[in-house]
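Given next are the chains, with one letter for each unit.
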Amino acid sequence: MTISELRLKSRDEEPVRRLELFTGAGRRREWLPEEKARIVAASYETAVSVSAVARRYALSPQQLFA
């Protein structure tokens, strides 16, 4: 089956408006406990925002609170 042959329908019989395909390996990373502690400590520094720390390590700010 090719993409052009693929016809998806929603429950309301309307065509699906968005289709996302994820291929390849995910972005799951394995951090050493020392690295995690250093990143979290950096997020508590008053001169730096949590968002800036998250961007530096390619994280979302929510990941620093989880």
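Relevant structure appears above.
As the structure is a prediction and not an experimental result, all values here were calculated from the model.

Novice: Can you help me understand helix α1 (residues 33-43) in this one?
Specialist: Among all positions of α1, only Ile39, Ala42 and Ser43 are buried. Each buried residue of α1 lies within a common arc of 105° when the element is viewed along its axis, so the set occupies one face. Turned more than 90 degrees from where α1 packs its buried face, Pro33 and Glu34 sit exposed. Those residues of α1 hidden inside the fold are in contact with α2 (50-56) and α3 (61-65).

Novice: Got a minute to help me understand the environment of valine 48 in this structure?
Specialist: Inspection of the secondary structure puts valine 48 in the loop between α1 and α2. Classification of valine 48 as partly exposed rests on a relative accessible area of 21%.

Criteria and thresholds
Residues numbered from 1 in each chain as written. Predicted model: local features only at pLDDT ≥ 70, side-chain atom pairs only at ≥ 80, totals over all residues. Heavy atoms only, no water. Buried < 20%, exposed > 50% of the residue type's maximum accessible area, 1.4 Å probe, protein only. Helix = DSSP H or I, 4+ residues; strand = E, 2+ residues; numbered from the N terminus. Arc of directions from axis to C-beta. Contact = heavy atoms within 4.5 Å.

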